[in-house]
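This is what each chain is made of:
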Amino acid sequence: MAILQINGLTKRYGGITAVNNLNLEIGAGEVYGILGPNGSGKTTTLGAVLGIIKPNSGSFTWFEGKYGNEERMHIGSLLETPNFYPYLSPVKNLEITAHIKRIAAPRIDKVLEIVNLSQRRDSAFSTFSYGMKQRLAIAAALIGDPEVLIFDEPTNGLDPQGIAEVREIIQQIAGEGKTIIMASHILDEVEKVCSHVAIIKRGNLLASGEVGAILSNDRQVDIAAENLGKLREILSKFPGVNNISDKGKLLQLQVSQDMTATQLNKLAFDNGLIISHLVMKPKSLESEFLEITAGK
């Protein structure tokens, strides 16, 4: 089932096109990352599909029209740092959130447990750290047990511990079969959390699909020898070496997934070279992202 279909969505602010003819389809149970640098149109896209921002053209459909005008009752969202009453506890603040959303059975104890705030259920919101406030915001989005959760830069401004906590919460929610749509400019977070990704720059969709499909199967290799020119020459003729870049005192290669360090060492040795540096690693989403967005 398609949870969200976006067709030709366009939003302009004066002479600036924030989103340009965007087409996306997000399926049930996916953790879908909308990835792009700041100002790429991520927040505008989320605002449009939530009915907060009116697009200039295009359309979108939630749940294949299953819920009609009640679709928002099945969506929880966190777009901005939420405003809670500072002198009230998480329980009281979530009761107010449930009342506003017209939710009769809000599962407050359950959502506080999910975001690891049960022990602070009676503390004033003003005593919370920024990370705790963000987790309470996620709890507010979970009120009503929505089918879809939308998060805009959920780890923005958090320290490493806070980022890890939010990541674990998102993974836990996804494990329950929820569909999650998450906008982020943090490549590492998308790679760790998301099953699917759309890469956007300046309002344009550059690539979309499963994270594993967007990522190349190539491996990245940093390699060096005393005679770098000769090393480049022999590597350029070796099957499985798909790209060679000069990085100062070493070469950076993109090689086929089955290439081994032993093969590269033997190649160099057979040609009279001794390898002085050799590191093999999977190609990261960051390098793929930079390649996709280069010059766009």
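As the structure is a prediction and not an experimental result, all values here were calculated from the model.

A.B. asks: What should I look at first to understand the overall build of the protein chain in this one?
C.D. replies: The helix and strand tally for the protein chain stands at 10 helices and 13 strands. Expressed along its principal axes, the backbone C-alpha trace of the protein chain runs to roughly 75 × 45 × 35 Å. Intrachain contacts of the protein chain at a sequence separation of at least 6 include 68% that bridge at least 24 residues. Carbon and sulfur atoms provide 48% of the accessible area of the protein chain, an area that totals close to 14,600 Å².

A.B. asks: Whenever I open this one, the sheet that holds strand S6 (residues 148–152) confuses me. Can you help?
C.D. replies: Strand pairing within a sheet occurs via backbone hydrogen bonds; the two strands may be parallel or antiparallel. Strand order in the open sheet formed by six strands is S5-S6-S7-S3-S8-S9, with mixed pairing between adjacent strands. Both edges of this open sheet fall to strand S5 (75–78) and strand S9 (204–210), since each of them pairs with a single strand only. Here the average twist between neighbouring strands, direction ignored, is 15°. Pairing of strand S3 (residues 31–35) with strand S8 (residues 196–201) involves four bridges; the strand directions are parallel. Residue Tyr 32 lies in a different strand from S8, and its bridge partner there is His 196. Contacts from helix H5 (residues 160–175) reach S3, S6 and strand S7 (179–184), with the element oriented near 150° to S7.

A.B. asks: Please clarify how the nonpolar core should be interpreted in this entry.
C.D. replies: Generally speaking, soluble globular proteins have nonpolar side chains that are buried together. Leu 94, Leu 136, Ile 138 and Phe 151 are the most contacted members of the largest nonpolar core, which has 44 residues in total. Ranked by residue count, the leading element in this core is helix H4 (residues 130–142), at eight residues. Those residues in contact with Phe 151 that sit more than four places away from it in its chain are Leu 46, Leu 78, Ile 138, Ala 141, Ile 170, Ile 180, Ile 181, Met 182 and Ala 183.

A.B. asks: Explain the packing of helix H2 (residues 90–100) against H4 to me, please; I cannot follow it from the model alone.
C.D. replies: Where H2 contacts H4, the two axes come as close as 10 Å, and the packing angle between them is 35°. Like other packed secondary-structure pairs, H2 and H4 cross with a definite hand, here right-handed. Here Pro 90, Leu 94 and Thr 97 of H2 come into contact with H4, specifically with Leu 136, Ala 139 and Ala 140. For the contact of H2 with H4, the class distribution of residues is five nonpolar, one polar and no charged.

A.B. asks: Explain the pattern of salt bridges here, please?
C.D. replies: Opposite charge on two side chains lets them pair, provided their charged atoms get close. By the definition in use, this model includes 10 salt bridges. A salt bridge links Glu 95 to Lys 92, with the shortest nitrogen-to-oxygen separation between them at 3.8 Å. One end of the pair, Glu 95, and the other, Lys 92, are both in helix H2, three residues apart, so they sit about a helical turn from each other. Taking relative accessible area as the criterion, Glu 95 reaches 37% and is therefore assigned partly exposed. It is possible to trace a salt-bridge network through shared partners that takes in Arg 107, Asp 145 and Lys 178.

A.B. asks: Would you mind showing me how to read the layout of surface pockets here?
C.D. replies: When its volume is computed, the largest pocket comes out at roughly 690 Å³. Every residue lining the largest pocket is counted, 26 residues in all, and those nearest its centre are Ser 77, Thr 97, Ile 100, Lys 101 and Ala 140. Secondary structure elements with two or more residues in the lining of the largest pocket: S5, H2 and H4. Partitioned by chemical class, the residues of the lining of the largest pocket number 14 nonpolar, seven polar and five charged.

A.B. asks: Explain the side chain of Asp 222 here, please?
C.D. replies: Relative to the elements of secondary structure, Asp 222 occurs in strand S10 (residues 219–225). Of note is the side chain of Asp 222, whose polar atom sits 3.2 Å from the side chain of Gln 252. If we skip the residues at most four places from it in the chain, Asp 222 touches Leu 250, Leu 251, Gln 252, His 277, Leu 278, Val 279 and Lys 281.

A.B. asks: Please explain the environment of Ser 89 as it appears in this structure.
C.D. replies: Turning to its location among the elements, Ser 89 is positioned in the loop between S5 and H2. On a C-alpha basis, the gap between Ser 89 and Leu 9 in space is 40 Å, while along the polypeptide they are 80 residues apart. Here Lys 92 takes part through its backbone nitrogen, which lies 3.2 Å from a polar atom of the side chain of Ser 89.

Here is what the cut-offs are and how they apply
- Residues numbered from 1 in each chain as written.
- Predicted model: local features only at pLDDT ≥ 70, side-chain atom pairs only at ≥ 80, totals over all residues.
- Heavy atoms only, no water.
- Helix = DSSP H or I, 4+ residues; strand = E, 2+ residues; numbered from the N terminus.
- Contact = heavy atoms within 4.5 Å.
- Areas by Shrake-Rupley, 256 points an atom, 1.4 Å probe, with all protein chains shown as cover.
- Pairing = 2+ DSSP bridges.
- Axes fitted to C-alpha atoms, helices over the stretch in contact; angles between N-to-C directions.
- Core = buried A, V, L, I, M, F, W, Y, C linked by side-chain atoms within 4.5 Å.
- Buried < 20%, exposed > 50% of the residue type's maximum accessible area, 1.4 Å probe, protein only.
- Left-handed = near helix turned anticlockwise from the far one by under 90°.
- Nonpolar A, V, L, I, M, F, W, Y, C, P; charged D, E, K, R; others polar.
- Salt bridge = Lys/Arg side-chain N within 4 Å of Asp/Glu carboxyl O.
- 1 Å grid on protein atoms, 1.4 Å probe; cavity = no way out; pocket = protein on both sides within 12 Å on 5 of 7 lines; lining within 4 Å.
- Points joined across faces, edges and corners; volume = space filled by probe spheres on them.
- Polar contact = N/O pair within 3.5 Å; in protein donor to acceptor, adjacent residues only side chain to side chain.

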